[in-house]
Amino acid sequence: MALYIGVMSGTSLDGLDIALVEQGATLRLVASHYVPMPGGLRSDLLALCASGPDEIARAALAENQWATLAAQGVNALLQQQGLCPSDIRAIGSHGQTVRHEPARGFTVQIGNPALLAELTGITTVGDFRRRDVAAGGQGAPLVPAFHDSLFAGIGEHLAVLNVGGFSNLSLIDAGQPVSGFDCGPGNVLLDAWIHDRQGLHFDRDGAWAASGTVHARLLDELLSDPFFAGKGPKSTGREVFNLPWLRGHLARLPAIAEPDVQATLLELTARTIIESLRHAQPHTDELLVCGGGAHNGALMQRLAQLLPGTQVASTDSRGIDPDWMEAMAFAWLAHCCLEGIATNRPSVTGARGLRVLGAIYPA
């Protein structure tokens, strides 16, 4: 048995999820800790998702702040659990994605794992995506292999859906290699629109979306984006789907009520997920949902409506808290890196072959 810590900060930029796990024959979540993202750092990280002046210095300063915040969270979790740094074999740190353009041969996650190792006294594994991109892959999604390790064998045709800023599917069929891909926007446009219109960071339980009506012409406009026509392997990010992208589509249509825009964005998320799933795995017995989207009642209801005959539930129904799935995944990825176990899946990312992912920064 060994203890690992996973640190995950997603495209929502709301905070850092930190999971303490025990890795043995199976993986067990021992404890968790959440660190809210300071407003200034969130703004700096968002600004780095697009070109701007003095980017190298700004990125270096932001990643030092991110690593310091992560270290504070890790140390707080250790204190809560009465543990010492020497009790932890490694930290798996995703870092913060600020650019993801595999078609151009790069993906960038900042987070200074060397500084995180220095501030915690724990060996840190980071930079998980670039080796897959170097091997011709998308570098994302990386969680299907982890989902397969957790859920393989529980059903014939299982899908695991992560709805964070973006949505991605892991498809687990008995006797077949796991497959998966990004479906498109998850919460990123929903969060951006409600923040722009109401100053809120997210639409709690999808209530604002539920108060509106789907606008058919806007939905058709949004679905016309070329990303949705492509099949996996594929991945996406804020470079494609963002508030200016939405505003560009809105500008081509007569004025639409703000709640109706939110309702249409929720329908976009649900439709692109379900259409992707139907194409890749036509007969799905169970859809397990994790990430922030698992708490969006309106979205969960719509997914169930679009998938009659399929059981749609949070991963909590299978004993995995949906809020900590990704942080657990990066703890597992750190374990696999130290053990020399390949964790990319060519069937998911399109890489030329299996690769051990991650760079190791010893304590």
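Residues numbered from 1 in each chain as written. Predicted model: local features only at pLDDT ≥ 70, side-chain atom pairs only at ≥ 80, totals over all residues. Heavy atoms only, no water.

Caption draft 1: Structural view of the domain arrangement of the chain. According to the domain assignment, the chain consists of domain 1 (2–139 + 323–361) and domain 2 (143–318). Computed over C-alpha atoms, the centres of domain 1 and domain 2 are 23 Å apart. Interface area for domain 1 against domain 2, summed over the two sides, is near 2100 Å², with a carbon-plus-sulfur share of 62%. When residues of domain 1 are sorted by the area they lose upon contact with domain 2, T11, M325 and V348 head the list and together hold 31% of the total. (Domains from an automatic or database assignment. Buried area = accessible area lost by both parts, 1.4 Å probe.)

Caption draft 2: Here's a closer look at the nonpolar core. If you look at the biggest cluster of nonpolar residues, it comprises 45 residues, and the most contacted ones within it are L169, L246 and L287. Among all residues touching L287, those that are not within four sequence positions of it are A159, L161, L169, L277, L307, T310, Q311, V312 and A313. With 33 residues, the next largest nonpolar core counts L142, A145, V178 and C337 among its residues. (Core = buried A, V, L, I, M, F, W, Y, C linked by side-chain atoms within 4.5 Å. Buried < 20%, exposed > 50% of the residue type's maximum accessible area, 1.4 Å probe, protein only. Contact = heavy atoms within 4.5 Å.)

Caption draft 3: Structural view of the UniProt feature "binding site: ATP" (unreviewed entry) in the chain. As recorded in UniProt, the feature "binding site: ATP" (unreviewed entry) lies at G10, T11, S12, L13, D14, G15, L16 and D17. Of the annotated positions named here, the second largest pocket is lined by T11 and S12. Here G10 shows up in the loop between β1 (2–8) and β2 (15–23). One can find T11 in the loop between β1 and β2. The contacts of T11, once residues within four sequence positions are left out, are Q96, G165, F166 and R238. (UniProt positions renumbered as here; feature names shortened; annotations may be inferred. 1 Å grid on protein atoms, 1.4 Å probe; cavity = no way out; pocket = protein on both sides within 12 Å on 5 of 7 lines; lining within 4 Å. Helix = DSSP H or I, 4+ residues; strand = E, 2+ residues; numbered from the N terminus.)

Caption draft 4: Geometry of the packing of aromatic side chains. Counting across every chain of the model gives six aromatic pairs. Pairing F146 with W332 gives two aromatic rings, centres 5.5 Å apart and planes at 50 degrees, and the pair type is tilted. Taken together, the positions of F146 in helix α5 (residues 143–151) and W332 in helix α13 (residues 325–339) put the pair 186 residues apart, joining distant regions of the chain. Classification of W332 as buried rests on a relative accessible area of 10%. Ring geometry for F227 versus F241: centroids 5.8 Å apart, planes at 85 degrees, classification edge-to-face. One end of the pair, F227, is in helix α9 (residues 226–229); the other, F241, is in the loop between α9 and α10 (243–250), with 14 residues separating them in the sequence. A relative accessible area of 12% places F227 in the buried class. Overall, the relative accessible area of 0% leaves F241 in the buried class. Through successive ring pairs, a cluster of aromatic residues spans F227, F228, F241 and W245. A cation over a ring is seen here: R197 above W193, with NZ or CZ 5.3 Å from the ring centre. (Phe/Tyr/Trp six-rings, centres within 6.5 Å; stacked < 30°, edge-to-face > 60°. Lys NZ or Arg CZ within 6 Å of the ring centre and 35° of its normal.)

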